Amino acid sequence: MADNESVECITEHERILQEIESTDTACVGPTLRSVYDDQPNAHKRFMEKLEVRIRNHDREIEKMCNFHHQGFVDAITELLKVRADAEKLMGQVTDTNRRLQDAGREVTAQTEEVIRCRIQQRNMTTTVERLQLCIPVLEMYSKLKEQLESKRYYAALKTMEQLEKVYIPRVSRYRFCQIMAENLPKLREDIKDISMSDLKDFLESIRKHSDKIGETAMKQAQQHRTFNSVVQKHDSGMGYTKPVYSLNGRTPTQHNGLAAEEGVDQPEEEGVLTAQDLVDFSPVYRCLHIYTVLGDRETFENYYRKQRKKQARLVLQPQSNMQETVEGYRRYFNQIVGFFLVEDHVLHSTQGLLTRAFTDELWNMALSKITAVLRTHSSYCSDPDLVLQLKNLIVIFADTLQGYGYPVNRLFDLLFEIRDQYNETLLKKWALVFREIFELDNYSPIPVETEEEYKSVISRFPFHDAEIEKQDFPKKLPMSQSVPQIYVQVKEFIYASLKFSESLHRSWTEIDDMLRKSTNLLLTRTLSGCLQNLIKKPHIGLTELVQIIINTTHLEQACKYLEDFITNITNVSPETVHTTRLYGLSTFKDARHAAEGEIYTKLNQKIDEFIQLADYDWGMPESDGQASGYLMDLINFLRSTFQVFTHLPGKVAQTACMSACKHLSTSLMQMLLDSELKQISMGAVQQFNLDVIQCECNALLYTTALPIPYIVHYFILQPYSLYRALLYTTALFPI
């Protein structure tokens, strides 16, 4: 057992020694600890074992040293020999190192310079590369500034868009690009403000230019109307097309060129002005494009339409004294035409800024205002020439706007209202003309000294009388000077009325009807009223009344010539079913009847004046033996008056004679039946009988001289026989 333990202990110690020899020094501690942990006194044996191992190693070292000693000695000897060479080499190396250090110092400096240059070169290359990225950005920004300065705002917005989407993202890390990016929204707002300011200036300017635009358009429309009328006169079968005037740049359709062959002057087309020639529309386009690019087009459209509506209301507001002159109406129409031509141009030159619905709404609003204004202001106009000029302006105004697609039917309807007013002003004007003619007339037959004078009269008035034509010169025509003058003035009235009916786009049948109706108003109201007033005037005597009757007779006969005159103008057959007839016959008949009644009245009044001069002495002892003086004066007056009645128709003369004799007999009867007459002497009866006999004799003379039927003699002479019986009865049986 003891031997086995000893062997194990030795084996363990061998292991530990091998481990110590082969293990790192830092790990020896645990190995040595195991020596003390095994058995008591084991460390002594281990130490012994260790010493044995040390001695063994020493012997091996000694053997090795002995084996290598000679070589070591030889090596040391060799080293000693090399020492001197090493020192020499050391000196050479030191010297070489010194010289190398001296030479390397300059190389080092140059190397550092090269390194610095290379760094600079690299920096420059990097800088160039960066600048190549930045230069386009700066160039675009510089271009943006130039565009802003030159007011090319739409191009500037496109440049901004390129900067934001293409250029700035490439160099977004640089601070100046960040500043640019931050500044672009502000520039956009500035562009919006500037473009809006330009638009406001444009809207203000267009108000001033609308008058010129409208004036130019209406002049071109008027020239075209004149040209068309000439073309129609030269060749009624050839038509023509749309007007050549155009302010929106749209090319008109050319006419067939036939007028040039006929020698008709054509309107100048090469110098036709367009809206662009008169107004710069670039602010509108620019602002529209800018707001479209900025995505705010709807705001711009609403603003533009709102402002134009406001301007439309201002344009449609007339001046207070517009109705005084035609220039006031002309300026009013020019402004409206200019306004709507600008709207038409904007409508066709932009996409969506204005719509047809908007312009139609604006036009309907304007049309209502225009018709109301014209209806009001024209009602104050009393000058027919001004009303006619207004009508021509309205027609040109309507035709101008109709050429641009605006409906104008309501304007032509308004013209029919104004036509009635025009006729009223014409009637008032011709009433003054007729009054002046009547006042200047001498109410005596027209003396004709020569054939030229005769032809001059019948050229103005359709008079034909075979007996008068056979008479030698000088001779007299039965009517007075007022008859041909009135006939000429009626024709002038028809011409004046026709002027208004022209260009109303109405058929000749309608124009014929209008002319006849207006002429009827002239005859039945104006001329008839003037005749009635003339007949009632106190200074018109019996001679004048007789001449008036003669005049109305001839005017009545001339009415058929007036109808023919209208027919020649309108080429409408009088046989047409709906043709209106002239009422001149009844007009002149009424006037003649009024004159006849006035003759009877004035004749009786004159008889009363003579009767008032009668101064009978009812108690006179005997008569004077002759008729009373007042009665002889009355008879002389009646004789001269009845002589004038020979020119009257038989019925008028008959009635006048009967009326005068009857009134005279009634007046004489009233003398005898006067309540204040108490008694009559035989001398007074004889004197009154002489007066009655004188009346009877002259009454018989009148009835035989005038074209009065025989039966009328009985009714004229019968009262005087009754008077004589009454006289004798009164004398025999005094009251």
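Calculation rules
- Residues numbered from 1 in each chain as written.
- Predicted model: local features only at pLDDT ≥ 70, side-chain atom pairs only at ≥ 80, totals over all residues.
- Heavy atoms only, no water.
- Patch = residues over 30% accessible without salt bridge, like charges linked within 9 Å, V, L, I, M, F, W, Y side chains within 5 Å.
- Areas by Shrake-Rupley, 256 points an atom, 1.4 Å probe, with all protein chains shown as cover.
- Salt bridge = Lys/Arg side-chain N within 4 Å of Asp/Glu carboxyl O.
- Helix = DSSP H or I, 4+ residues; strand = E, 2+ residues; numbered from the N terminus.
- Expected span 1.5 Å × (residues − 1).
- Buried < 20%, exposed > 50% of the residue type's maximum accessible area, 1.4 Å probe, protein only.
- Core = buried A, V, L, I, M, F, W, Y, C linked by side-chain atoms within 4.5 Å.
- Contact = heavy atoms within 4.5 Å.
- Arc of directions from axis to C-beta.
- pLDDT = per-residue confidence, 0-100.
- Phe/Tyr/Trp six-rings, centres within 6.5 Å; stacked < 30°, edge-to-face > 60°.
- Lys NZ or Arg CZ within 6 Å of the ring centre and 35° of its normal.
- Axes fitted to C-alpha atoms, helices over the stretch in contact; angles between N-to-C directions.
- Parallel < 35°, antiparallel > 145°, perpendicular 65-115°, else oblique.
- Disulfide = S-S within 2.5 Å.

Attention now goes to a nonpolar patch on the surface. Together, Phe72, Val73, Ile76, Leu79 and Leu80 give the surface a local cluster of nonpolar side chains, amounting to about 470 Å² of exposed area. As for its placement among the helices and strands, Leu79 is situated in helix α3 (residues 42-149).

Compared with the 34 Å implied by 1.5 Å per residue over 24 residues, the 34 Å span of helix α10 (residues 326-349) between its first and last C-alpha is a close match. Burial of α10 is extensive: 18 of the 24 residues sit out of reach of the surface.

Next up on the list: the nonpolar core. Of all hydrophobic cores here, the largest spans 172 residues; its most connected members are Phe333, Trp363, Ile370, Phe397 and Phe434. What Ile370 contacts, discounting residues up to four positions off in sequence, is Leu316, Tyr332, Ile336, Trp363, Phe397 and Leu411.

Here helix α4 (residues 153-167) spans 19 Å end to end across 15 residues, near enough to the 21 Å set by a 1.5 Å rise per residue. When α4 is considered as a whole, its buried residues turn out to be Tyr153, Ala156, Leu157, Thr159, Met160, Leu163 and Tyr167. Projected onto a plane normal to the axis of α4, the buried residues spread over an arc of 160° and lie on a single side.

With respect to the helices, strands and loops of the structure, Thr526 is situated in helix α17 (residues 508-536). Judged by its relative accessible area of 7%, Thr526 is buried. In this view, Thr526 contacts Leu427, Trp430, Ala431, Phe434 and Leu521; residues no more than four positions away in its chain are not counted.

Right, let's get into the confidence of the model for the chain. Of all residues in the chain, 80% attain a pLDDT of 70 or more, and the chain-wide mean is 77. Across the chain, element-level confidence peaks in helix α9 (residues 297-315) with a mean pLDDT of 88 and bottoms out in helix α6 (residues 258-262) with 32. Predicted confidence for residues 703-723 stays below pLDDT 50, and this span has 35 contacts to residues more than four positions away or in other chains.

If you walk through the whole model with that rule in mind, you get 23 salt bridges. As a salt-bridge pair, Arg99 and Asp95 come within 3.0 Å of each other at their nearest N and O atoms. Separated by 4 residues within a single helix, Arg99 and Asp95 lie in helix α3, roughly one turn from each other. Residue classification places Arg99 among the partly exposed residues on the basis of a relative accessible area of 45%. Since its relative accessible area comes to 29%, Asp95 is described here as partly exposed. Between Lys309 and Glu361 there is a salt bridge, and its shortest N-O distance comes to 3.6 Å. Pair noted here: Lys309 is in helix α9 and Glu361 is in helix α11 (residues 356-378), with a separation of 52 residues, a long-range link.

With that settled, consider unusual backbone geometry. A cis geometry characterises the amide bond from Phe473 onward to Pro474, with omega recorded as -5°. Mapping Pro474 onto the fold places it in the loop between α15 (466-470) and β2 (475-477). For Tyr443, which is not a glycine, the phi torsion comes out positive at approximately 55°. Counting through the fold element by element, Tyr443 comes out in the loop between α13 (409-440) and β1 (446-448).

On to the packing of aromatic side chains, then. Taken as a whole and judged by the stated rule, the model has 17 aromatic pairs. On the numbers, 5.4 Å between centres and 75° between planes, the contact of Phe340 with Tyr406 is edge-to-face. Here Phe340, found in helix α10, pairs with Tyr406, found in the loop between α12 (384-402) and α13; they are 66 residues apart in sequence, far enough to count as distant. One cation-aromatic arrangement involves Arg305 over Phe358; the distance from NZ or CZ to the ring centre is 5.5 Å.

The geometry of a pair of packed helices is captured by two quantities: the angle between their axes and the separation between those axes. The interhelical angle for the contact between α17 and helix α18 (residues 542-570), taken along N-to-C directions, is 170°, at an axis separation of 11 Å. Taken as axis vectors, α17 and α18 run roughly antiparallel relative to one another. Taken together, the residues of α18 that come into contact with α17 (itself represented by Trp508, Ile511, Asp512, Leu515, Arg516, Thr519, Leu531, Leu534 and Ile535) are Leu545, Ile548, Thr552, Glu563, Ile566, Thr567, Ile569 and Thr570.

Where α11 contacts α13, the two axes come as close as 11 Å, and the packing angle between them is 5°. Regarding the angle of α11 to α13, the classification is roughly parallel. Here α11 contributes Asn364, Leu367, Ser368, Ile370, Thr371, Leu374, Arg375 and Ser378 to the contact with α13, which in turn contributes Arg410, Leu411, Leu414, Glu417, Ile418 and Gln421.

Scanning all chains against the criterion turns up 0 disulfides. In this structure Cys177 is not part of a disulfide, and its nearest cysteine sulfur, from Cys134, lies 5.4 Å away.

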